[in-house]
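The chain contents come next:
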Amino acid sequence: MFTSHPWLMLAVMLAMGLAILTEALWRWRKTRELPLEDIVSGIGIGGASQLVAVYLQVPGLLAYDALWQHARWFDWDTGTAALWLGTLLLYDFCYYWLHRAGHQIHWLWALHGVHHQGELYHLAAGLRQSLFSPLVSWLFYLPLAILGVPPSVFMVIALVHIAYQFWIHTEAIGRLGWLDQVLVTPENHRIHHASDDVFLDKNYGGMLIIWDKLFGTYAQRLDDHPLTYGTRSPLRSFSLWDANLQIWRSMLRQARALPRWQQGWQLLWQAPGWWPAQTAKPQTTETTWQAGAAPFRQPQTPAAQAFLLWQLAGLLLIGWVSLCINLSLHTGWQIALHGWLLWGFSNLCYRIGDARLATRREWSRLALLALPLAAFSLVMPDWFYTAAFTTPWLLLSGLACIMSAARLWLLSGPQSAHGKISHH
């Protein structure tokens with residue numbers, strides 16, 4: 001929906017960026033540490049998930065619309081406040097069960113777990129989402145279509161719900177009194193993200209905490225019990241692909257160690273951590289979880305920090321243009337552009353851990369963009385030089401090539417002095 005209102009989406013992106021910056025400055029003032037790599041990784045993983053969602057959410061929206069068109073029980077006046085408030089309440093109820101299933105069913109946890117891998121709790125970490133979650137999340141909202149909630153209303157409520165959940169991913173806001181007893185607040189959601197035994201599988205609500213109180217999953221921190229964030233199998237990486245594939249890889253290793261294929265099917269549907277009795281569990285090289293363990297860090301040099309921020313800004317700008325402006329591109333070119341951006345977000349996250357390999361990958365990504373532009377300028381010079389100043393995506397693509405090549409050249413010099421950083 002934001003794609004039809006590009007300036008509204010830009011305003012939202014700028015507001016989120018300002019909030020992330022403000023929180024980062026608060027963290028710096030409090031701890032004298034600024035986990036830039038964690039912040040950039042969170043935004044990069046979130047940006048990549050939004051690109052992929054453009055395509056993966058289509059089947060769900062089509063299914064919702066078809067069900068509403070042919071199987072709805074009621075017709076509602078979209079101008080009534082009761083419809084909007086009722087839809088918000090029912091949407092939050094459906095979200096509670098989607099969220100709870102994402103923690104209790106192993107293959108759904110493989111999707112949702114990406115959101116929990118961050119070992120620091122901040123606004124950018126809240127943007128982390130799986131690339132593949134739109135494939136299944138829509139199933140939990142189909143009852144709204146049967147009840148007659150129009151697709152337009154459903155989409156607005158979905159955006160409101162997503163926007164609400166952004167602000168609760170912070171440590172900068174403390175307890176909020178009676179609001180903590182009704183709404184999902186930062187205090188309630190911090191408990192949900194904690195991986196300590198006492199807080200596991202608690203506080204699933206999206207906007208209202210009342211669902212957790214009704215269904216026995218509510219927990220509150222009555223003292224200053226320190227919280228350990230992250231998952232029980234720490235990721236120890238900022239890579240986009242490691243984040244999205246970690247739990248799937250673990251499930252595959254476990255399935256191979258099971259003596260019967262029926263147990264592999266059970267592994268998919270049981271809760272994470274399930275293992276059949278009297279069956280030896282395979283050895284694992286995964287990092288052991290420890291309560292109160294220091295968060296995983298990969299500190300960057302000043303040159304690397306400047307590169308990460310510059311590349312992130314460029315990717316977000318081109319991503320905004322590609323998603324919001326009517327580019328009049330053939331579908332194939334649009335997909336290619338989004339693939340190029342996805343590769344960019346991948347390199348952005350990858351560079352945090354292995355700068356040399358990420359630099360080689362980035363040069364190849366630039367070549368894939370620069371070569372077609374050069375070919376167009378030679379084969380169709382009249383069209384190219386006219387379009388370059390009238391088509392936003394072409395102008396931005398050329399600028400992206402020039403700026404990225406310049407900063408890559410600077411970072412490749414001997415003074416950059418950052419290569420592969422140890423994970424330990």
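For clarity, every value in this text was computed on a predicted model and none was experimentally measured. (Residues numbered from 1 in each chain as written. Predicted model: local features only at pLDDT ≥ 70, side-chain atom pairs only at ≥ 80, totals over all residues. Heavy atoms only, no water.)

Novice: Looking at this model, I keep getting lost on the overall build of the protein. Mind explaining?
Specialist: Summing up its helical and strand segments, the protein has 17 helices and zero strands in all. Expressed as a percentage of its 424 residues, the buried residues of the protein come to 46%. Intrachain contacts of the protein at a sequence separation of at least 6 include 74% that bridge at least 24 residues. (Helix = DSSP H or I, 4+ residues; strand = E, 2+ residues; numbered from the N terminus. Buried < 20%, exposed > 50% of the residue type's maximum accessible area, 1.4 Å probe, protein only. Contact = heavy atoms within 4.5 Å.)

Novice: Teacher, can you tell me more about the pattern of salt bridges here?
Specialist: Where charged atoms from two side chains of opposite charge approach closely, those side chains can pair. In the structure shown here, the tally under the stated rule is ten salt bridges. The closest approach of N and O atoms between glutamate 171 and arginine 27, which form a salt bridge, is 3.5 Å. You can see glutamate 171 sitting in the loop between helix H8 (151-167) and helix H9 (186-193) and its partner arginine 27 sitting in helix H1 (residues 6-31), a full 144 residues away along the chain. Residue class for arginine 27 comes out buried when judged on its relative accessible area of 10%. A salt bridge links glutamate 187 to arginine 221, with the nearest nitrogen and oxygen atoms 3.4 Å apart. Here arginine 221 lies in the loop between helix H10 (210-214) and helix H11 (240-257) and glutamate 187 lies in helix H9, a separation of 34 residues in the sequence. For the pair shown, glutamate 187 and arginine 221 are each scored as buried. One continuous salt-bridge network, built from bridges that share partners, spans Arg175, Glu187, Arg190 and Arg221. (Salt bridge = Lys/Arg side-chain N within 4 Å of Asp/Glu carboxyl O.)

Novice: Sorry, what's going on with the UniProt feature "transmembrane region" (unreviewed entry) in the protein here?
Specialist: On the UniProt side, "transmembrane region" (unreviewed entry) is annotated at positions that read residues 6-26, 38-58, 147-167, 307-329, 335-353, 365-385 and 391-410 here. As a span, residues 38-58 carries 95% helix and 0% strand, and end to end its C-alpha atoms are 30 Å apart. Between the first and last C-alpha atoms of residues 335-353 the distance is 28 Å; the span itself is 89% helix and 0% strand. (UniProt positions renumbered as here; feature names shortened; annotations may be inferred.)

Novice: Is there a simple way to explain unusual backbone geometry in this structure?
Specialist: Among all residues except glycine, the phi angle is most often negative; among peptide bonds, the trans geometry is most common. Unlike most non-glycine residues, asparagine 203 shows phi in positive territory, near 55 degrees. Checked against the element boundaries, asparagine 203 lands in the loop between H9 and H10. With phi around 55 degrees, arginine 236 is a residue other than glycine that occupies positive phi space. Within the fold, arginine 236 resides in the loop between H10 and H11. A relative accessible area of 25% means that arginine 236 is categorised as partly exposed.

Novice: Explain the packing of aromatic side chains to me, please; I cannot follow it from the model alone.
Specialist: Centre-to-centre distance and the angle between the planes together describe a pair of aromatic rings. As enumerated under the stated definition, the model contains 17 aromatic pairs in all. With 5.7 Å between their ring centres and 50 degrees between their planes, tyrosine 91 and phenylalanine 154 make a pair best called tilted. With tyrosine 91 in helix H4 (residues 81-104) and phenylalanine 154 in helix H8, this pair connects stretches of sequence that are 63 residues apart. You can call tyrosine 91 buried: its relative accessible area is 6%. (Phe/Tyr/Trp six-rings, centres within 6.5 Å; stacked < 30°, edge-to-face > 60°.)

Novice: Help me understand the nonpolar core, please; the structure alone is not making it clear to me.
Specialist: Note on soluble globular proteins: their nonpolar side chains tend to be buried together. Ranked by internal contacts, the top residues of the largest apolar core, which has 32 residues, are Ile20, Phe345 and Leu348. Those elements that place two or more of their residues in this core are H1, helix H2 (36-56), H11, helix H13 (302-324) and helix H14 (331-351). Examining the composition of this core, we find that eight residues originate from one element, H2, more than from any other. Contacts of leucine 348, omitting those with residues within four sequence positions, involve Val40, Gly44, Leu308, Gln311, Leu312 and Leu315. (Core = buried A, V, L, I, M, F, W, Y, C linked by side-chain atoms within 4.5 Å.)

Novice: Could you clarify how one ought to interpret the side chain of threonine 170 in this entry?
Specialist: For threonine 170, the location among the structural elements is in the loop between H8 and H9. With a relative accessible area of 4%, threonine 170 lands in the buried category. At a separation of 2.7 Å, a polar atom in the side chain of threonine 170 contacts the side chain of glutamate 23. Those residues in contact with threonine 170 that lie beyond four places of it in its chain are Glu23, Tyr121, Leu123, Pro186 and Arg190. (Polar contact = N/O pair within 3.5 Å; in protein donor to acceptor, adjacent residues only side chain to side chain.)

Novice: Would you mind showing me how to read the environment of isoleucine 173 here?
Specialist: With respect to the secondary-structure elements, isoleucine 173 resides in the loop between H8 and H9. Expressed as a C-alpha distance, the spacing of isoleucine 173 and proline 186, which sit 13 residues apart in the sequence, is 6.6 Å. Apart from residues no more than four positions distant in its own chain, isoleucine 173 is found in contact with Trp167, Pro186 and Arg190.

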